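Residues per chain, in single letters:
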Amino acid sequence: MNKYLLLTIFLLLHLAAIFTFFPDRIIASTSKGHWEAITLIFMLEIVFIWFYMNGLSKFPGETIVDICLRTIGRWGACVLLLPLVVFLMGQMVLLIYYQTSQIRAVLLQSTPTAATTFLFLVLCFYGAWKGLAALIHASIGLFVLFIPFILFSMLIGIKNFNFNYIFPVWDGTFSFLHHADFYICFTILSSFLFLGMIPQKERPVRFGRLAVGLGVVYVFGMGSVYIPLLVFGQESAVLLQYPMLMASDTIDLEWVVFDWLPSFSVVSSSGLAVLMASVLLWMSSSLLHQLLVPKLNIKWMVSMLSLLVYILCLFIPNIEVMNRYLQLNAFVSLFCVIGLPMMIFILGRWRGKKVST
Amino acid sequence: MDVRNDQSLSDLELQIITPFEHSSDFVYKSVFIGRERFMAYYLESLVDLSKTLSVMNTADGVMEQGDSAIVITDISKAILQGKLILFNAEGLMGITDAESPDISRQITLPASENPLQSAFDSYTEDIDKNIGLLRKKIVTSKLVIEHKTTGTEVSKKLAIMYLHGIAPDKVVQAIRTKLEKNSHKEITTVRDLLAILGHPKFALTPTYLSSELPGDTVQNLRDGKVIILIDQFSFAFAFPTVIRDLWASKLDENYPYLFQLFIRSIRAVGTLFALTLPGLYIVLNSVNPELLRIQLAIAVAKSREGIPYPSLIELLLVMLLLEMIIEATIRLPKNIGPTITMIGGILLGQAIVQAKLVSNLLIIILVASAIANFVLSGYLNMIGIRLYKYVVIFASSFFGIWGLEAAMIWLIYYFASLQIHTVPYLSLSVKGKSLDE
C-alpha cells in the first residue's frame, strides 16, 4: 500500500460524504458566516485525526479491533465498537437512500427505486467482497474517472456567481452551534475512521500528509457550500433539496453537447458514494466479524449485511423521514467520531506508561 | 546395417527399444567411430546420423561418457530430445548431442506484429535460438536464465528469464514455486501454462503479455517482468501484466518522449471510447435522451425514424455482424481477406442504412468504437475490451447513464481486485516504485 493511494481514498471518501450531506446542512444551520461553521468542523476533525493517529501509532501492526480486544477485553470492545457498527450501517443506509433518490429524481424517473438501489448495492457488495485493499486500489481508478466531472460541475457555476451573496461574512454569535443541522455535518468526519482498520505496517501515511489531504477536502467543502450560495443567495438556497445540483442546472454552456448539466454532478457524486458505501460495508462487516463471529467467513457477513441494508433502504418512505434518521445517526456519530479517537488515544497513553514502567 | 536380432541384445538394450516399438522412425544399428564398433540408437527424424558421425570422426571419437547411474527413462527421454545413444562392445554407454536435420524455421520478419522503426527479427520455434536472440539484444551478466521441464508423459522445455536485481524477488519466487509445484503437469497450450502459474480462469483482461519481438521482450525485462519461453512457441510470455500494458506498446520507447506520451494517451482514450461508446448510444437514444441538447436529440431521434425495433436489439444485431467480420478477416487466407472487407464495408456502410434496418448514427458509433478498439496495443487486450463492452451495453439499456457508470465502477473494482503474482493489476509498473504500488 502506498501513501498516495491512502490519501486518494481519504480524499474520495470525504468528497462522497460532502456531496451527500454537507451543503444543505450548512446552509440550513446558519444564515451568515458559513465559513465559520465549515472551518470549525474541519479544525475539529484535524484534532480528532491527530488523537486517532497518535493512539494508533502506539500499537504497531494492530487494527482498532485488535487494540480493543487486547486492552479492554471482548465486552469492552463490544461496548466501544458496536455503536460504531450501528453508525456505519446507518450512514450507509442514508447515503444509499439519498443517492438513489437523487438518481431517480434526475436520471431515472420511471425506474423503481428498488431496482436502482439493487444495482447500487450489488456494486457495494462486490467491492466489500473483494476487501479493503482492492477498494483502496480502486480509488485511483475512480479518482481518474470522476474528479474531472466533479471539477467540471463545480467550476461551471462560476459564470452565475453573485459575489454580494457572500455577505455578511462574520457571525459573532455562532448561531449554528444551536442548530441540529450543524451536528449532522459531523457524520462526514467518519471518513477518516477507516485508517484504524489497516495495520500500521500497511499504512505508511503520517499525520502531516493527512492534514494536507484534509486541506484539499476543506477547499472542496467550502466550494460545495459557497457555489450554491453564490448562485442563489441564502434565502433561496436554504429551500433547495439538492443545492449543488441546482447550481449546475442554472448554467447553459454552448459548447457542451449535453444540455442537462446536473447529470455530471449526479454521476460523479453517486460514483464516489459507491466507493464510500463499499468501504462502510466492508468496515461494518469486518468489525462484526472480528467482534462476534470470528470463525464465520467474512464473506457471509458481507452478504448478510448487504441484504439488511437493502431492506432498510426500501423501508425509508421519503426524504423527510431520512432527515429524521440522519439526526438520530448524528448522535451516534458524535460518540464515534469524538469518542473513538479519544479512547484509542487514551489506550495508547496507558500502554505507553505500562511499557515505560 | 540393421541388426534386428533380439537374442544378441542385452537386457538394457531391450529396455531401450521396447518404448519405441511402434515408432517407425526409431533406428538402431552398428556404426564405426574411429576404429571401434558401436551400437547406435536414435530417432532418424531428429538425428542426421551421417553428419554426426563425420563430425565425431574428425573430432577423433570424443564423446560424453555416461555415468552408470543413468536410468532407462532418462535414456528414452534423451532419445526423444534428439540425442544419439551409443554402446560399445564392452557395454559402456554414451549419450551424445547429435547433429539434427534442418527442421526448424529460420529467423524471419514477425508475422503477427508490425514493428515500426525498430529491430525486425522475430522469435522462431526453437527455444535455444530464441534465447540466443535475446542474449544478443541484451548483453549483460545480470540476465538470469533458468531451464525447467514440465510434464511426465509429454515433456516440454521452458526457460524463465529475468534481470537480476530489477525483477522483484517476490514475483520471481512466486513464478518459480508455482512451476516447481506443478512440474508434473503438461503444457501443450498457453492456457496450460497459465493454469500451472495459477492465473484466474475467467480473467477479463490478459494476465500475460505475449510478444513475437525480442526487442519487445528486452523492454519487458527492463520493466521488471519475468519472461517465460516455451519450446516450439514463437512467442515470449511476460508476467505479470499491469493496467498500463493495455495502452503501452514497448516499441513506443524508441520515439521521443512527447510523441510517446501522445501516442499512449490516444490509446488510453481509445480504451475508454471502445468501452463506453456503444453503451452511450443506447443511453442517449432510449433511456436518457434529455441529456442531449434539444437539436442534437432531435437529430438522433430522426436518424432512427422508421426502424422497427428497440435500439438495444438494433445495436446487438450490428455488433454481432461486426464481430463476425472481424473474426472472418483474421482467419481467412490473405488472398480472400480483402473480399470480406469489401463486402462488409458495403453492408455496414450504406446498404443496411438504406434498408432502414439500423440508423445512420449507429454506424458512426459502431465504426468509432471498432477503431477505438483496434487502437489498443496487443491483440489479446482488444478481446477483453470487446467482451466487456457488452456488459456496458446491457447495463446501460437497463439503467441509462447510471448503468453505464455502474458498469465502469464494476470494471474498476474488478481490476483493483486482480493480483497477478503479488503485483496488483492497477499498478503503473511492476517494479513497485511508481505511484500506484
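All residue numbers refer to positions counted from 1 along the written sequence of the respective chain. To label them, take the chains in the order written and letter them from A, then take the ligands in the order written and number them from 1. For a predicted model such as this one, the threshold for reporting local features is a pLDDT of at least 70, and the threshold for listing and counting side-chain atom pairs is 80 or more; totals across whole chains, interfaces and linings nevertheless cover every residue. Heavy atoms throughout the structure, all of them, feed into the side-chain values; hydrogens and water do not.

Novice: Kindly report on the pattern of salt bridges, identifying the contributing residues and their values.
Specialist: All names here are of chain B. Salt bridges are counted wherever a side-chain nitrogen of Lys or Arg sits within 4 Å of a carboxyl oxygen of Asp or Glu. A complete count under the given rule lists 20 salt bridges over all chains for this structure. Where Asp121 meets Lys137, a salt bridge forms, and the shortest distance between an N and an O atom there is 2.8 Å. Here Asp121 is found in the loop between β4 (93–97) and α4 (127–137), whereas its partner Lys137 is found in helix α4, with 16 residues between them in sequence. Among the salt bridges present, the one from Glu323 reaches Arg386, with a minimum N-O distance of 2.7 Å. Pair noted here: Glu323 is in helix α10 (residues 311–331) and Arg386 is in helix α13 (residues 379–417), with a separation of 63 residues, a long-range link. Via salt bridges that share partners, Asp223, Lys225, Arg244, Asp245 and Lys250 belong to a single interconnected network. Secondary structure elements are defined from DSSP: runs of H or I of at least 4 residues count as helices, runs of E of at least 2 residues count as strands, and each element is numbered from the N terminus.

Novice: Just give me the short version of the side chain of Glu45(A), but keep the residues and values in it.
Specialist: Mapped onto the secondary structure, Glu45(A) falls in helix α2 (residues 34–57). Setting aside chain neighbours within four positions, we find Glu45(A) in contact with His14(A), Leu189(A), Phe192(A) and Leu214(A). Contacts: residue pairs with any heavy atoms within 4.5 Å of one another.

Novice: Hey, could you go over the sheet that holds strand β2 (residues 36–43) of chain B for me, with residue numbers and the actual values?
Specialist: Residues and elements named next belong to chain B. Spatially, the four strands line up as an open sheet ordered β1-β2-β3-β4, and their pairing is antiparallel. Both edges of this open sheet fall to β1 (26–33) and β4, since each of them pairs with a single strand only. Taking each pair of neighbouring strands and ignoring which way they run, the sheet shows an average axis angle of 30 degrees. Two elements, strand β3 (residues 83–88) and β4, share five bridges in a ladder whose sense is antiparallel. Paired with Lys83 across the bridge in β4 is Asp97. For helices, the axis comes from a line fit to the C-alpha atoms of the stretch in contact; other axes are also lines fit to C-alpha atoms, and the angle between any two N-to-C directions lies between 0 and 180 degrees. Docked against the sheet, helix α2 (residues 49–58) engages β1, β2, β3 and β4, running at close to 25 degrees with respect to β1. The criterion for strand pairing is that DSSP finds at least two bridges linking the strands in question.

Novice: Account for the domain arrangement of chain B, with residues named and values stated.
Specialist: Residue and element names in this part refer to chain B. Under the domain assignment used here, chain B contains domain 1 (6–97), domain 2 (127–240) and domain 3 (255–420). Domain borders in the structure are assigned automatically or taken from a domain database. Domain 2 and domain 3 are separated by 34 Å when their C-alpha centres are compared. Across the boundary between the two partners, domain 2 contributes eleven residues, which contact eleven residues of domain 3. Buried area is calculated as the accessible area (1.4 Å probe) missing from two parts once they are joined, with the contributions of both summed. When domain 2 packs against domain 3, close to 860 Å² is buried across both sides, 78% of that on carbon and sulfur atoms. Looking at the side of domain 2 facing domain 3, the largest losses of area belong to Leu204, Thr205 and Pro206, adding up to 59% of the total buried there. Taken together, the connections running from domain 2 to domain 3 amount to zero salt bridges. Think of a polar contact as two N or O atoms within 3.5 Å of one another; within protein, one of them needs to be a possible hydrogen donor and the other a possible acceptor, and neighboring residues in sequence only count if both atoms come from side chains. The interface formed by domain 2 and domain 3 holds one residue pair in polar contact (both at pLDDT 80 or more) in total. Here the residues of the side of domain 2 that touches domain 3 are counted per class, giving seven nonpolar, four polar and no charged. When residue character is reported, Ala, Val, Leu, Ile, Met, Phe, Trp, Tyr, Cys and Pro are called nonpolar, Asp, Glu, Lys and Arg charged, and the others, Gly included, polar.

Novice: Residues and numbers for the packing of aromatic side chains, please.
Specialist: Residues and elements named next belong to chain A. Ring geometry is summarised as follows: Phe, Tyr and Trp rings, the Trp one being its six-membered ring, pair when their centres sit within 6.5 Å, and such pairs are stacked at plane angles under 30 degrees, edge-to-face over 60 and tilted between the two. Under the defined criterion, the tally for this structure stands at 29 aromatic pairs over all chains. Pairing Phe51 with Phe345 gives two aromatic rings, centres 4.7 Å apart and planes at 70 degrees, and the pair type is edge-to-face. One end of the pair, Phe51, is in helix α2; the other, Phe345, is in helix α12 (residues 319–356), with 294 residues separating them in the sequence. Taken individually, Phe51 and Phe345 each receive the classification buried, so the pair is uniform in this respect. Working definition: with a 1.4 Å probe on protein chains only, accessible area under 20% of the residue-type maximum means buried, over 50% means exposed, and in between means partly exposed.

Novice: Residue-level account of the sheet that holds strand β9 (residues 236–239) of chain B, with values.
Specialist: Residue and element names in this part refer to chain B. The antiparallel open sheet is built from five strands, whose spatial order is β5-β6-β8-β9-β7. At either margin of the open sheet sits one strand with a lone partner, and together these are β5 (143–150) and β7 (209–211). Looking at each pair of strands side by side, their axes are set apart by 25 degrees on average, direction ignored. Summarising the sheet, strand β6 (residues 156–163) and strand β8 (residues 226–230) pair through four bridges and their orientation is antiparallel. By the bridge assignment for β8, Leu158 is matched with Ile230. The strands touched by α4 are β5, β6 and β8; relative to β6, the strand with the most contacts, the crossing angle is about 10 degrees.

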